[in-house]
Amino acid sequence: YYYDMAKNYGVYSGCFNGGKTVIANKTYNFFDCRNVKYGYGNVELKQEDVKYIIVHGTGNVNVDAKSHIKWLNDDSASGQCATHFYVDDIGIYQALDLNLVSWNCKGRNNESVSVEICTYSNHTKQMQSIHNAKVVVDILKKKYPQAKVVTHKLVSDYGKKCPDFVYGDKAIMTEDEFLKYFEN
């Protein structure tokens, strides 16, 4: 689907060689980083099986999306997780093909696509990261019109407080505000 994005939105870059594209008169940076090592193999995710677009927060403060991609490639423990997109204040990084299952939410992996928003202590960077996530979520909603946009907490079997900038001690918005933002 990344290449569909490329065709429809003018995105044509390789990892960390960002393609700038204009959507609704605003320029966004898209990065194709699908060379990430993936520890669980190639489990197919069928478009019709997608029930959720799960939005997460990385939880580790002030670490950008590019660093998360690097960690996925450099740390043997990272093979135990994966997400389709990492988003920060600079751009949108696709880490996994949309036709593959990401390992991001126990019990929901086979029925979801995942977007990880980087967590920042700087309010402006956090809000820009959330805005950039909305851009990719809006694109995903077109591909998966049947899918509901949810936070990790809402579909977690164990009530994980994710994203932390919604549920944590330093929350910058409520769950309702966050979900409403992604609805519009």
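Residues numbered from 1 in each chain as written. Predicted model: local features only at pLDDT ≥ 70, side-chain atom pairs only at ≥ 80, totals over all residues. Heavy atoms only, no water.

Chemist: Can you tell me about the pattern of salt bridges, naming the residues and giving the values?
Modeler: When their charged atoms lie close together, side chains carrying opposite charge are able to pair. All chains considered together, the criterion is met by four salt bridges. The partner of Lys51 in a salt bridge is Glu111, and the shortest N-O contact between them spans 3.4 Å. With Lys51 in the loop between strand 2 (26-32) and strand 3 (52-61) and Glu111 in the loop between strand 5 (92-94) and strand 6 (112-119), this residue pair connects regions lying 60 residues apart in the sequence. Its relative accessible area of 46% is what places Lys51 among the partly exposed residues. Between Asp138 and Lys134 there is a salt bridge; the shortest N-O distance is 3.0 Å. Taken as a pair, Asp138 and Lys134 lie in helix 3 (residues 123-143) at a separation of four residues, close to a single helical turn. (Salt bridge = Lys/Arg side-chain N within 4 Å of Asp/Glu carboxyl O. Helix = DSSP H or I, 4+ residues; strand = E, 2+ residues; numbered from the N terminus. Buried < 20%, exposed > 50% of the residue type's maximum accessible area, 1.4 Å probe, protein only.)

Chemist: Tell me about the packing of aromatic side chains, and please be specific about residues and values.
Modeler: Tallied over the full model, the rule gives three aromatic pairs. Aromatic ring contacts, followed pair by pair, group Phe165, Phe178, Tyr181 and Phe182 into a single cluster. Above the plane of the ring of Tyr181 lies Lys134, whose end atom (NZ or CZ) is 5.8 Å from the centre. (Phe/Tyr/Trp six-rings, centres within 6.5 Å; stacked < 30°, edge-to-face > 60°. Lys NZ or Arg CZ within 6 Å of the ring centre and 35° of its normal.)

Chemist: Break down the packing of helix 3 against helix 6 (residues 175-183) for me, citing the residues and quoting the values.
Modeler: Put simply, helix 3 and helix 6 touch, their axes get as near as 9 Å, and they point 50° apart. With respect to each other, helix 3 and helix 6 are oriented oblique. Contacts between helix 3 and helix 6 involve Ile130, His131, Ala133, Lys134, Val137, Asp138 and Lys141 from the first element and Phe178, Tyr181, Phe182 and Glu183 from the second. Residue composition of the contact of helix 3 with helix 6, grouped by class: six nonpolar, one polar and four charged. (Axes fitted to C-alpha atoms, helices over the stretch in contact; angles between N-to-C directions. Parallel < 35°, antiparallel > 145°, perpendicular 65-115°, else oblique. Contact = heavy atoms within 4.5 Å. Nonpolar A, V, L, I, M, F, W, Y, C, P; charged D, E, K, R; others polar.)

Chemist: Break down the environment of Gln128 for me, with residues and values.
Modeler: Along the chain, Gln128 falls in helix 3. Its relative accessible area of 25% is what places Gln128 among the partly exposed residues. Expressed as a C-alpha distance, the spacing of Gln128 and Gly91, which sit 37 residues apart in the sequence, is 9.4 Å.

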